[in-house]
Amino acid sequence: GKKVLVMVVPSRCMRETAELLKECVAPGTYVISAAKGIEDETLFTMTDILEQVLPQTDVAVLSGPSHAEEVAKLLPTTCVIGAHTEETARFLQELFMGPMFRVYISSDMLGIELGGALKNVIALAAGIADGMGYGDNAKAALITRGSVEIGRLGIRMGGKPETFFGLTGIGDLIVTCASMHSRNRRAGILLGQGKSVGQALAETGGVVEGYYAAASMHQLAEKTGFSEEDADTVKECLRTLFV
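None of the values given here were measured: they were computed from a predicted structure. (Residues numbered from 1 in each chain as written. Predicted model: local features only at pLDDT ≥ 70, side-chain atom pairs only at ≥ 80, totals over all residues. Heavy atoms only, no water.)

1. What about the side chain of asparagine 120?
To keep things clear, this is the line we draw: In this description a helix means any DSSP run of H or I spanning at least four residues, a strand means any run of E spanning at least two, and both kinds are numbered starting from the N terminus. Any N or O atom pair separated by 3.5 Å or less is treated as a polar contact, with the protein-specific requirement of one donor-capable and one acceptor-capable atom, and with residues adjacent in sequence counted only for side-chain atom pairs. Working rule for contacts: check all heavy atoms of both residues, and any pair within 4.5 Å makes them a contact.
Examined against the element boundaries, asparagine 120 turns out to sit in helix H5 (residues 109-131). Only 2.8 Å separates the side chain of asparagine 120 from the side chain of lysine 119, close enough to count as a polar contact. In this view, asparagine 120 contacts Lys36, Thr176, Asn184, Glu209 and Gly210; residues no more than four positions away in its chain are not counted.

Have a look at this one:
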C-alpha cells in the first residue's frame with residue numbers, strides 16, 4: 001500500500017527480493033534502486049531487474065557519493081535521481097531533498113548505474129595500492145585512469161559522457177576510493193597486505209560489491225568489444241582478485 005519503495009538490498013539479492021514483492025506491489029508504485037551492482041550472467045543493472053520482475057511499477061535509481069554513515073549524521077551529501085520521465089524524477093527529487101541532502105535529476109539511468117557499480121572495482125584496486133604502500137601518487141593515477149576506463153566502457157554501452165564525469169561517476173569513484181567507510185577500499189587494503197580473498201571479505205564484513213562486480217565488469221568489457229589498450233587498470237585489478 002505504499003506509494004514509494006526504496007530497494008537497498010545487496011545487488012545479488014535484488015532479483016530474489018523483487019520476486020518476493022511482486023504480488024503485493026500495486027501498479028504505478030515508484031520503486032527506487034539504491035543498490036550498486038551488475039547481475040551475474042544476465043549483466044542486467046538493478047533497474048533492469050526491477051523492470052523485468054515488477055513491470056507494473058515506475059522504476060528509478062538513486063546514486064552518488066553517499067556513505068550511509070555520513071548521511072545518517074546529517075553531513076552534507078549530494079546525489080542524483082535517474083528516471084525515465086522528468087515528471088517522475090521531479091517528484092522523487094522533491095521527496096528526497098533536504099537541507100543537508102541535495103538531489104539532482106538525470107534521464108541517464110544506465111550511466112548512473114554503470115558508474116555506481118564499476119567504481120567499486122576501481123576502489124578495490126585503490127585499496128590494494130594502499131595496502132601495498134604505493135602512496136598517493138600511484139592511487140591518484142589509478143583513480144584517474146580508472147575513471148577514464150569506466151567512462152569508455154559506459155559510453156560504449158550507451159551511457160552519456162557527462163554522467164561519468166558527474167556525481168554518479170567521478171564523484172562516487174572519489175569517495176569510494178578515498179574513504180575508510182568504503183568496504184571495497186578496506187577489502188582492497190587487506191588484499192594488498194597479503195590476505196586471501198576469503199580472509200579479506202570476512203574481515204571487512206558486510207557486502208563487498210566490487211568483488212562481485214569485477215567479474216561482471218570483465219564480461220561487459222568482452223561483450224562490448226572493449227579494447228586491450230583500454231583495459232590496463234581493469235586487467236590488473238582482475239588479476240589481483242582472481243589469480
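2. Side note on the environment of leucine 191
For leucine 191, the location among the structural elements is in helix H9 (residues 183-192). The spacing of leucine 191 and leucine 201 is ten residues in sequence and 9.2 Å in space, taken between C-alpha atoms.

3. What to know about unusual backbone geometry
What counts is decided by this rule: When a residue's accessible area, from a 1.4 Å probe over protein chains only, is under 20% of the maximum for its type it is buried; when over 50% it is exposed; and in between it is partly exposed.
The phi torsion at leucine 43 lies on the positive side, around 60°, for a residue other than glycine. Secondary-structure assignment places leucine 43 in the loop between strand S2 (30-33) and helix H2 (46-53). A positive phi angle, near 60°, is found at leucine 74, a position not held by glycine. Note on leucine 74: relative accessible area 61%, which makes it exposed.

4. Notes on the pattern of salt bridges
Threshold: By definition, a salt bridge exists where a carboxyl oxygen of Asp or Glu is found within 4 Å of a side-chain nitrogen of Lys or Arg.
All chains considered together, the criterion is met by eight salt bridges. Put simply, lysine 22 and glutamate 19 hold a salt bridge, and the shortest N to O gap is 2.9 Å. Between aspartate 130 and lysine 139 there is a salt bridge whose closest N-O contact spans 3.0 Å. Among the charged side chains, a salt-bridge network with shared partners connects Lys36, Lys119 and Asp172.

5. Topic: the environment of isoleucine 128
Its location among the elements puts isoleucine 128 in helix H5. Overall, isoleucine 128 belongs to the buried group, its relative accessible area being 7%. Along the chain, isoleucine 128 and lysine 139 lie eleven residues apart, while their C-alpha atoms are 9.4 Å from each other.

Coordinates in, geometry out; function isn't part of it.
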